[in-house]
Amino acid sequence: MGNKPIFIVAGVGNASGTGAAAAKVFAQAGYRTALIARDATALEKLASQLTDAHAFPIKDYSVQSIHDVFAAIRKQWPEDQGHEIRAALWNTGAAVWKPFLEITDEEVKEGLDINIAAAFAFSRNIILEFKKNSLNEIGKRGTLIFTGATASIRGNVTTSSFAAGKFGLRALSQSLAKEFGKQNIHVAHAIIDGVILTGRQRDRHDEDWAKNADVRLDPESIAKSYLFLANQDRSALTWELDLRPAHEKW
Ligand SMILES: *[C@@H]1O[C@H](CO)[C@@H](O)[C@H](O)[C@H]1NC(C)=O
Ligand SMILES: *[C@@H]1O[C@H](CO)[C@@H](O)[C@H](O)[C@H]1NC(C)=O
């Protein structure tokens, strides 16, 4: 069997949201998937449901853990056996929703560590991997996608910490797109402008909301847009897209 391209997704949570949906959609499209999250049980379960997937649980989203997980992925799928990492998704984040004066110094630090420092470490590892690849049939070395939010471009009354992190992530992605586009590395940022139908949001909303595709985002629909980004050829690359349900009013 020839080597399939590898897709790495960081931020799978308990496998009920965008990260898990992206893993499924990319697996169906012929990628091997490396699943990263803190919930080892949920990761193992998801890996067992996909073809050629492997769980890489991490204890936290520290810079060290991010570097270590790349070593683990390379141990599983060694470079000298021709395994190439061709797509990646940074889908994690620390979200504190509190009025500014209630946010603690620790929460500020955690927000910066996860939303920014860990994203830098992830990007560094991915860019170094992509640089080893030759151009694929659509003229790219790889695609790195970041999940953003409404808070990537708009602060609000309880989002000082979250928005600062998401603004930072957007700045990182745009800078990477400019710097590495010249090496045919595609970097994209997706503003998810609305509530995603994850397990947690199902708990917070009623049944009608969950059933109504006009008012919330389906993780699988987001995942399909991510695959579309990965499939774009070098003559027409998107840096940023935004996704929202049909009846948004915010
Ligand atoms: C901003 O916060 C207010 C108060 O919580 C909320 O009603 C509004 O929908 C928020 N706006 C956006 C764009 O999220
Ligand atoms: C994920 O966690 C939420 C609660 O945060 C829960 O409602 C949901 O059922 C969980 N999903 C899975 C697949 O475990």
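Above this text you will find the structure in question.
Rules of the game
Residues numbered from 1 in each chain as written. Chains lettered and ligands numbered in written order. Predicted model: local features only at pLDDT ≥ 70, side-chain atom pairs only at ≥ 80, totals over all residues. Heavy atoms only, no water. Axes fitted to C-alpha atoms, helices over the stretch in contact; angles between N-to-C directions. Helix = DSSP H or I, 4+ residues; strand = E, 2+ residues; numbered from the N terminus. Parallel < 35°, antiparallel > 145°, perpendicular 65-115°, else oblique. Left-handed = near helix turned anticlockwise from the far one by under 90°. Contact = heavy atoms within 4.5 Å. Near = heavy atom within 4 Å. Polar contact = N/O pair within 3.5 Å; in protein donor to acceptor, adjacent residues only side chain to side chain. Areas by Shrake-Rupley, 256 points an atom, 1.4 Å probe, with all protein chains shown as cover. Nonpolar A, V, L, I, M, F, W, Y, C, P; charged D, E, K, R; others polar. Core = buried A, V, L, I, M, F, W, Y, C linked by side-chain atoms within 4.5 Å. Buried < 20%, exposed > 50% of the residue type's maximum accessible area, 1.4 Å probe, protein only. Salt bridge = Lys/Arg side-chain N within 4 Å of Asp/Glu carboxyl O. Pairing = 2+ DSSP bridges. 1 Å grid on protein atoms, 1.4 Å probe; cavity = no way out; pocket = protein on both sides within 12 Å on 5 of 7 lines; lining within 4 Å. Points joined across faces, edges and corners; volume = space filled by probe spheres on them.

Draft legend 1. Local environment of the packing of helix α1 (residues 18-28) against helix α8 (residues 219-231). Where α1 contacts α8, the axes come no closer than 8 Å and their chain directions differ by 50°. When the interaxial angle is binned, α1 and α8 end up oblique. Taken as a pair, α1 and α8 cross one another with a handedness that is right-handed. Across from T18, A21, A22, V25 and F26 in α1, the residues of α8 making contact are P219, E220, I222, A223, K224, Y226, L227 and A230.

Draft legend 2. The site of ligand 2, seen in detail. Every residue lining ligand 2 is accounted for by N14, S16, G199, R200 and D203. Here N14 contributes a side-chain N or O atom positioned 2.3 Å from an oxygen atom of ligand 2. Here an oxygen atom of ligand 2 and a backbone polar atom of G199 are 3.3 Å apart. Relative to its free-state accessible area of 360 Å², ligand 2 is covered by the protein chains to the extent of 49%. Grouping the constituent residues of the shell around ligand 2 by class yields no nonpolar, three polar and two charged.

Draft legend 3. Examining the side chain of N184 more closely. Turning to its location among the elements, N184 is positioned in the loop between α5 (160-181) and β6 (185-192). One polar contact links the side chain of N184 to the main-chain carbonyl oxygen of G139, over a distance of 2.7 Å. Setting aside chain neighbours within four positions, we find N184 in contact with L135, G139, K140, R141, G142 and R234.

Draft legend 4. Representation of the nonpolar core in the model. Residues I8, I36, Y61, W90 and F122 are the most contacted members of the largest nonpolar core, which totals 69 residues. Counting residues per element, this core draws most heavily on helix α4 (residues 105-132), at eight residues. Setting aside residues no more than four positions away along its own chain, I36 makes contact with I8, V9, A10, G11, V12, L43, F56, I58, Y61, V69, I73 and F122.

Draft legend 5. Region of the structure containing the pattern of salt bridges. One pass over the full model with this rule turns up 14 salt bridges. For E84, the salt bridge identified is with R86, shortest N-O distance 3.0 Å. Of the residues examined, E84 reaches a relative accessible area of 30% and is grouped as partly exposed. One salt bridge connects E107 with K98, and the closest N-O pair in it is separated by 2.8 Å. Classification of E107 as buried rests on a relative accessible area of 18%. Its relative accessible area of 25% is what places K98 among the partly exposed residues.

Draft legend 6. Here's a closer look at the site of ligand 1. What surrounds ligand 1 is the set R154, N156 and V157. Note that an oxygen atom of ligand 1 is positioned 2.4 Å from one of the side-chain N or O atoms of N156. Notes on ligand 1: free accessible area 360 Å², of which the protein chains cover 38%.

Draft legend 7. View of the sheet that holds strand β3 (residues 53-57). Within the open sheet, the seven strands sit side by side as β3-β2-β1-β4-β5-β6-β7. Their pairing is parallel. Lying at the two open borders of the sheet, with one neighbouring strand each, are β3 and β7 (240-243). Each strand of the sheet is rotated relative to its neighbour by a mean of 15°, with strand direction disregarded. Alignment of strand β4 (residues 85-90) against strand β5 (residues 142-149), held across four bridges, turns out to be parallel. Its bridge partner being in β5, W90 is matched across the sheet by F146.

Draft legend 8. Broad picture of the packing of α4 against α5. One way to put it is that α4 packs onto α5 with a least axis distance of 9 Å and a crossing angle of 15°. Classified by the interaxial angle, the pair formed by α4 and α5 is roughly parallel. Viewed along their axes, α4 and α5 form a crossing whose handedness is right-handed. On α5, the residues that touch E107, G111, N115, I116, A119, F120, S123 and I127 of α4 are S161, A164, G165, G168, L169, L172, L176 and F180.

Draft legend 9. Quick look at the layout of surface pockets. Size it by volume and the largest pocket reaches roughly 1400 Å³. Per element, the largest residue contribution to the lining of the largest pocket is four residues, and it comes from helix α6 (residues 199-204). When the residues that make up the lining of the largest pocket are grouped by side-chain class, the tally is 15 nonpolar, 21 polar and seven charged. Roughly 190 Å³ of volume is contained in the second largest pocket. Along the walls of the second largest pocket sit P5, Y31, E84, R86, N136, E137, I138, K140, G142, T143, A230 and N231, which together make up its complete lining. Mapped onto the lining of the second largest pocket, the elements with two or more residues apiece are β5 and α8.

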